[in-house]
Amino acid sequence: MNSWLVYSIGFTAQILFSTRLLLQWIASEKQKKVLTPARFWKVSLFASFLLFVYGYLRSDFSIMLGQALTYFIYIRNMQLQGEWKKMAKWLRLFLYFFPVLLFMYSYNNNTYDIEKLLYNENIPLWLLVLGSSAQVIFTFRFVYQWVYSEKVKESVLPLGFWLLSFSGSVLILIYAVLRKDPVLFVGHIVGSVIYVRNMVLIRREHD
């Protein structure tokens, strides 16, 4: 596939990720507290879908790992907010089973190669470890958010979510620079600013 098309998919995903943060940020600034609008999870899901495809096309294991871990958490938050059932049934089925279908299709057609992902000649082992660790930390924010939301029976974004977001984002920025990946770099530069702002809003709310 042409590289311009691959990068277009990646940049579209990052634009959507940045858009969800801007929507959340604007809504929070208006109320002077951190909010979790339904659109945040909708846009997150579609952005994750595209970034998963981008990671697959780039043979970048760390990107695919990050999206695979959060994809279904986005769906769960949409369920908690009652938004999941509002989507067309065919679209829900497609989104729910897409990652599994892609893996099965690629594996059965001999296009999915574990060694190609884990031993990419353009990504030395130490860089793969850095990128994967950054994605795990960045992804764990949603695991934390999911457990927290299940506990309070409401979809919320607590302070710990934003702390993990910022920490993971900084590591991914380092990875992006070393990997020379403009998609990751642009997306996380924008996100880092909003993560800090949300932490400030939460601290002010509890002062």
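To be clear, the structure that these remarks concern was listed above.
This structure is a prediction, so every number in the text was calculated from the model and none was measured.

*Asks:* Can you break down the packing of aromatic side chains residue by residue, with the values?
*Replies:* Under the defined criterion, the tally for this structure stands at 17 aromatic pairs. Ring geometry for Tyr-74 against Phe-142: centres 4.9 Å apart, planes inclined by 90°, an arrangement best described as edge-to-face. Within this pair, whereas Tyr-74 is found in helix α3 (residues 61–80), its partner Phe-142 is found in helix α6 (residues 125–152), the two being separated by 68 residues in sequence. Given the relative accessible area of 2%, Tyr-74 is considered buried. Phe-142 sits in the buried class, given a relative accessible area of 0%. In textbook terms, an aromatic cluster arises when at least three aromatic residues are bridged by ring pairs, as seen for Phe-40, Trp-41, Tyr-74, Phe-138, Phe-142, Phe-161, Trp-162 and Tyr-195. Positioned above the aromatic ring of Phe-138 is the side chain of Arg-141, whose terminal nitrogen or guanidinium carbon lies 3.7 Å from the ring centre.

*Asks:* Can you explain helix α1 (residues 3–31)? Please cite residues and give values.
*Replies:* Taking 1.5 Å per residue, 29 residues should reach 42 Å; α1 reaches 42 Å between its end C-alpha atoms and fits that length. Note on α1: the residue one or two positions beyond its end, Lys-32, has a positive phi of about 60°.

*Asks:* I'd like to hear about helix α2 (residues 38–57), residue by residue, with values.
*Replies:* Here α2 contains 20 residues, and its C-alpha end-to-end distance of 30 Å stays within 8% of the 28 Å for a straight helix at 1.5 Å per residue. Counted residue by residue, α2 has 14 buried out of 20 residues, so it is predominantly covered. Looking one or two residues beyond α2, the residue adopting positive phi is Ser-59, at roughly 55°.

*Asks:* Help me get a handle on the pattern of salt bridges, residues and values and all.
*Replies:* Counting across every chain of the model gives 5 salt bridges. Across the pair Glu-29 and Arg-197 runs a salt bridge, and its minimum N-O distance is 2.5 Å. Here the residue Glu-29 occupies a position in helix α1, and Arg-197 occupies one in helix α8 (residues 182–206), the gap between them amounting to 168 residues.

*Asks:* With reference to specific residues and values, describe a nonpolar patch on the surface.
*Replies:* Residues Trp-126, Phe-166, Val-170, Ile-174, Leu-178 and Val-196 make up a contiguous nonpolar surface patch of about 510 Å² in total accessible area. Among the elements that make up the nonpolar patch, the one with the highest residue count is helix α7 (residues 159–179) (4 residues). Note that Val-170 resides in helix α7.

*Asks:* Outline empty space enclosed by the protein, listing residues and values.
*Replies:* Gaps left between atoms show up when a probe the size of a water molecule is rolled over them. Summed over the entire model, instances satisfying the criterion amount to 1 cavity of 30 Å³ or more. Each pocket or cavity is described by its volume, and for the largest cavity that value is around 190 Å³. Lining the largest cavity are 20 residues, with Phe-17, Arg-20, Phe-138, Arg-141 and His-188 sitting closest to its centre. Residue assignment for the lining of the largest cavity shows that the elements contributing at least two residues are α1, α3, α6 and α8. Here the residues of the lining of the largest cavity are counted per class, giving 9 nonpolar, 9 polar and 2 charged.

Rules and cut-offs
Residues numbered from 1 in each chain as written. Predicted model: local features only at pLDDT ≥ 70, side-chain atom pairs only at ≥ 80, totals over all residues. Heavy atoms only, no water. Phe/Tyr/Trp six-rings, centres within 6.5 Å; stacked < 30°, edge-to-face > 60°. Helix = DSSP H or I, 4+ residues; strand = E, 2+ residues; numbered from the N terminus. Buried < 20%, exposed > 50% of the residue type's maximum accessible area, 1.4 Å probe, protein only. Lys NZ or Arg CZ within 6 Å of the ring centre and 35° of its normal. Expected span 1.5 Å × (residues − 1). Salt bridge = Lys/Arg side-chain N within 4 Å of Asp/Glu carboxyl O. Patch = residues over 30% accessible without salt bridge, like charges linked within 9 Å, V, L, I, M, F, W, Y side chains within 5 Å. Areas by Shrake-Rupley, 256 points an atom, 1.4 Å probe, with all protein chains shown as cover. 1 Å grid on protein atoms, 1.4 Å probe; cavity = no way out; pocket = protein on both sides within 12 Å on 5 of 7 lines; lining within 4 Å. Points joined across faces, edges and corners; volume = space filled by probe spheres on them. Nonpolar A, V, L, I, M, F, W, Y, C, P; charged D, E, K, R; others polar.

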